[in-house]
Amino acid sequence: MDSFPFSSFIFLIFPFLFLSVSSLSTLSISETANQTLICSLNARFSLNCSSFPSGIQIPFNPNDSYSAIVAGDGFFCGLRNFPTTSNSIVVCWRFSVNGTNMETKRVYDGPNLKELRAGNSHICGVINATNRLECWQWRRFDRNFTFDFSSIAVGSDFICGLSNAGEIRCEGSGNSTVAVDGGGRYTAVAAGFRHVCGINLRNELECWGIGIGEKPAGEFKMLALGDNRSCGLRLNGTAVCWGEKNFSLPERLKGEFFTVIEAKKNVFCGILRGDFSLLCWGNEIFDRNLLSIFDFVSPGPCRSQCPCGPFPNTQQFCTRATMICKPCENRAHFPPPPPPRSPSPPPPNISHRSSGQRWSGGMVALLVVGCVGSLSLVLICSFFVYKYCKNRVCRVHDSGPMEDPVGTSDGVDHRETMVGRPGNGKKVLEKRLSHLISLGNGGQFGKLEDFPLSVLVEATNNFSEEHKIGSGSFGSVYKAVLNDGREVAIKRAEFSSISSSAWGTKRQEDKDNAFLNELESLSRINHKNLVRLLGFFDDTHERMLVYEFMSNGTLHDHLHNLPSSPLATSWARRIAVALDAARGIQYLHDYLSPPIIHRDIKSSNILLDNRWTAKVSDFGLSLMGPDDGASHLSLRAAGTVGYMDPEYYRLQQLTIKSDVYSFGVVLLELLSGCKAIHKNEIGAPRNVVDVMVPYIVRDEIHRVLDVKVPPPTPFEIEAVKYVGYLAADCVITEGRHRPSMTDIVNCLERALAACLAPTTLSRSSTESSM
């Protein structure tokens, strides 16, 4: 019995420990584009909403009362419970940034809901009588939970549930599920954009997923998670925040006590314990003012019974027969520890010595001699291993990032200058090659193949012009068929013939760097929307990379050079291509650590295979993103005119949002059929951003759509306008206001679905299955 875990004892004796009262939120946040909508329930549980800056107005009946409210990107929902009929309805409003194009729809009318939560795009609830999970605005969600819920939490494309036994389990769409590997017991669960946290039996935090940050120690009772940032309430009601870019609670709020906190993406709000007023923080508007948003907000729903007693001073919110429940603290339910056992009497007259008695002097001496001898042996072996490795160059291969050739503590990427130094370029190349060869292409396809030169020469007929199909960042590209029948594309480096001049040396440095960057980047990745690297060849005079062959060429050719292209038949095809490319870039930004910034996103670097799947190519300018805690890389601007982020060009500060700008230009190309830089009617050059965005803002995108594509159907026009708004957001001047690639992927998924079904989309709406 001594080894029986105390926690197991709790579960056997106190199975009611985790049957906590389900929470319904009386506070919601919707952060969309550059505006934030805050809504709350007041003393009569009627609705109160305000947007910052002003502009969004929710058309609701002020006499209606609600049990709970939730919100996400471009939508807001209210739950109305009717005790007399044991029925619930959920009504949602969709809105654009300027408050127009408002749409109202009832998404649920059925048995009473005891839980309602929303992520950035999706809404889920739990039916009170059956504990069955229901989700809306989530067509691809496959409900396969096998346990009952005491509460739920919804992330970007996943949902987590807390069972009555205290287990946390998560499910999602595709590969978006967050893996919870705790295996313990928890009293609370919360979900952010890409991460999940739970509070265990010791009131401590445990977190899983992407964007957790340096979570604080200590005891907590409530959590609110956003996008790569989080906040929690300690047992005494004070709040603490953590996350990327040293996110923390504003100084002026560190002495405040809260009853409830809520989060969405970047914005956090809390109800003060003293007067039930609402304060928000997390963006410039709220952090600068820290003023009360609403003077009087209900801290929770009214209930007939409260296991841990009512909130003090909340009688004014409820009728006489109901009350607002105070959250239970875990320790209040724990049974007192058993009294210490009385020491057992010593056994009578035992003749032999037990193993628990003191060691003799001889035994201690023997132990010391053994330890010293073992340590000496280890030191001698280490010395000989060191001498051997010093002469034979031992190398340990791992799956982590390789160290930079020189330090980067100043934030500047020195690889560009290191490669070109006399005697260093080849040395650095060999070092990185040996490392990359050992890693292979993401592990799934085995090691990168080191192709013999003779095979590549034969397959291209000595790199003849009839095999040449284009050029890349460091050389020409050739189509070839290998002896085993594989169709491949071979990118061959071009060596400068005037390398003795300063200009020739600099040009060769750029080509060497492009070769290294492409090899290093592609050897790390494995995604269906990124061109796959098969292998390479390298010696003193030749450098080549071998890729899968993309039989349908570049997106640029289909938009500007091939009038009979299949991409000119429907808008759905074009949006599908954009979605494919966005997923590839999303993988680079959000699923690699450190992320990869492509730096040259453009239509000619988006290739199409024989199934018309789009894949991003040409990583010659790509760089690993900044380390944790750094917001950007400081280095000279590089890219293609017309696609290059003007903020990056002006400040020489590179972030992942620079790729977002370039992708926005590609979206405008897809919509207009115009090149990034093209000539107007009188032959003057102009940028597609300057042409398209004013029409999009005026809601007149139909005037500048590509005339090669048939006019949009009623379904397609909504999707096309939606993609136009998305493109306009991508090319906003300030990078911090641009959407993330995950946001872009979600928007394009909804736009593509709208092309195929009667769906209404507004500028900042979410996927509509309502």
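The structure displayed is predicted, hence computed values, not measured ones. (Residues numbered from 1 in each chain as written. Predicted model: local features only at pLDDT ≥ 70, side-chain atom pairs only at ≥ 80, totals over all residues. Heavy atoms only, no water.)

## Remarks on the pattern of salt bridges
Opposite charge on two side chains makes pairing possible when the charged atoms of those side chains draw close.
Phase 1: Under the defined criterion, the tally for this structure stands at 28 salt bridges.
Phase 2: Notably, a salt bridge pairs Arg-106 with Asp-109, separated by 3.2 Å at the nearest N-O pair.
Phase 3: The exposure class assigned to Arg-106 is partly exposed, which follows from its relative accessible area of 48%.
Phase 4: For Arg-132, the salt bridge is made with Glu-134, and the minimal N-O distance between the two is 2.6 Å.
Phase 5: We classify Arg-132 as partly exposed; its relative accessible area is 34%.
Phase 6: Three or more residues joined by partner-sharing salt bridges are found here, namely Glu-115, Arg-117 and Glu-262. (Salt bridge = Lys/Arg side-chain N within 4 Å of Asp/Glu carboxyl O. Buried < 20%, exposed > 50% of the residue type's maximum accessible area, 1.4 Å probe, protein only.)

## Remarks on the packing of helix α13 (residues 714–730) against helix α14 (residues 741–756)
Phase 1: Between α13 and α14, the least distance of the axes is 7 Å, while the angle of their chain directions is 165°. Relative to α14, the element α13 lies roughly antiparallel. Between α13 and α14 the crossing geometry is left-handed. In this structure, α13 uses Phe-715, Glu-716, Ala-719, Tyr-722, Val-723, Leu-726 and Cys-730 to contact α14, whose residues at the interface are Ile-744, Cys-747, Leu-748, Arg-750, Ala-751, Ala-754 and Cys-755.
Phase 2: Of the residues contributing to the contact of α13 with α14, the split by class is 12 nonpolar, no polar and 2 charged. (Axes fitted to C-alpha atoms, helices over the stretch in contact; angles between N-to-C directions. Helix = DSSP H or I, 4+ residues; strand = E, 2+ residues; numbered from the N terminus. Parallel < 35°, antiparallel > 145°, perpendicular 65-115°, else oblique. Left-handed = near helix turned anticlockwise from the far one by under 90°. Contact = heavy atoms within 4.5 Å. Nonpolar A, V, L, I, M, F, W, Y, C, P; charged D, E, K, R; others polar.)

## Considerations on the confidence of the model for the chain
Phase 1: Looking at the chain, the pLDDT average stands at 77 and 70% of residues meet or exceed 70.
Phase 2: Here helix α4 (residues 415–418) is the element of the chain with the lowest mean pLDDT, 34, and strand β18 (residues 229–234) is the one with the highest, 96.
Phase 3: Scored below 50 in pLDDT, residues 438–446 shows 22 contacts in the model against residues more than four places distant or in partner chains.
Phase 4: Low pLDDT (under 50) marks residues 496–504, which in the prediction has 7 contacts with non-local residues, meaning those over four places away or in another chain. (pLDDT = per-residue confidence, 0-100.)

## Side note on the sheet that holds strand β19 (residues 239–243)
Phase 1: An order of β17-β18-β19 is seen for the 3 strands of this open sheet, with the pairing classed as antiparallel. Strands with a single pairing partner mark the edges of an open sheet, and in this sheet they are β17 (220–225) and β19. In this sheet, neighbouring strand axes are inclined to one another by 20° on average, regardless of whether the strands run parallel or antiparallel. (Pairing = 2+ DSSP bridges.)

## So, helix α11 (residues 656–672)
For an α-helix the count is 3.6 residues per turn, leaving residues at separations of three or four pointing the same way.
Phase 1: In this model α11 runs 25 Å from its N-terminal to its C-terminal C-alpha over 17 residues, within 8% of the 24 Å that 1.5 Å per residue would give.
Phase 2: In terms of burial, α11 is a largely internal element, 16 of the 17 residues being buried.
Phase 3: The residue sitting at the N-terminus of α11 and contributing the capping side-chain oxygen is Thr-655; that oxygen lies 3.1 Å from the backbone nitrogen of Lys-657. (Expected span 1.5 Å × (residues − 1). Polar contact = N/O pair within 3.5 Å; in protein donor to acceptor, adjacent residues only side chain to side chain.)

## Digging into the nonpolar core
Phase 1: In this structure, Phe-663, Leu-667, Ile-744 and Leu-748 are the most contacted members of the largest nonpolar core, which totals 62 residues.
Phase 2: Element by element, the count of residues in this core is highest for helix α9 (residues 571–590), at 11 residues.
Phase 3: Aside from chain neighbours lying at most four places away, what touches Ile-744 is Ala-582, Val-660, Phe-663, Leu-726, Cys-730 and Pro-739.
Phase 4: Membership of the second largest hydrophobic core comes to 51 residues, among which are Cys-39, Ile-69, Phe-76 and Phe-311. (Core = buried A, V, L, I, M, F, W, Y, C linked by side-chain atoms within 4.5 Å.)

## Side note on the UniProt feature "binding site: ATP" (unreviewed entry) in the chain
Phase 1: UniProt feature "binding site: ATP" (unreviewed entry): in the numbering of this structure it lies at Lys-491.
Phase 2: Structurally, the position occupied by Lys-491 is in strand β28 (residues 487–493). (UniProt positions renumbered as here; feature names shortened; annotations may be inferred.)

## Thoughts on helix α12 (residues 688–697)
Phase 1: Looking at α12, one finds that the buried residues are Val-688, Val-689, Val-691, Met-692, Val-693 and Ile-696.
Phase 2: Against α11, β37 (677–679), β38 (685–687) and α13 lie the buried residues of α12.
Phase 3: The residue sitting at the N-terminus of α12 and contributing the capping side-chain oxygen is Asn-687; that oxygen lies 2.7 Å from the backbone nitrogen of Val-689.
Phase 4: Following α12 by one or two positions, Asp-699 has its phi on the positive side, about 60°.

## Details of the state of the cysteines
Phase 1: For the coordinates displayed, the defined rule picks out 7 disulfides.
Phase 2: Cys-77 shares a disulfide with Cys-92; S-S distance 1.9 Å. Here the disulfide of Cys-77 and Cys-92 is right-handed, its torsion about the S-S bond being about 105°. In this pair, Cys-77 is assigned in strand β5 (residues 75–82) and Cys-92 in strand β6 (residues 87–94), connecting sequence segments 15 residues apart. The pair Cys-77 / Cys-92 is uniform in exposure class, with both members buried.
Phase 3: There is a disulfide in this structure between Cys-197 and Cys-207, and the S-S distance comes to 2.0 Å. Handedness of the Cys-197-Cys-207 disulfide follows from its S-S torsion of about 110°: it is right-handed. Placement of the pair is Cys-197 in strand β15 (residues 195–200) and Cys-207 in strand β16 (residues 205–209), with a sequence separation of 10 residues. For the pair formed by Cys-197 and Cys-207, the shared burial category is buried. (Disulfide = S-S within 2.5 Å.)

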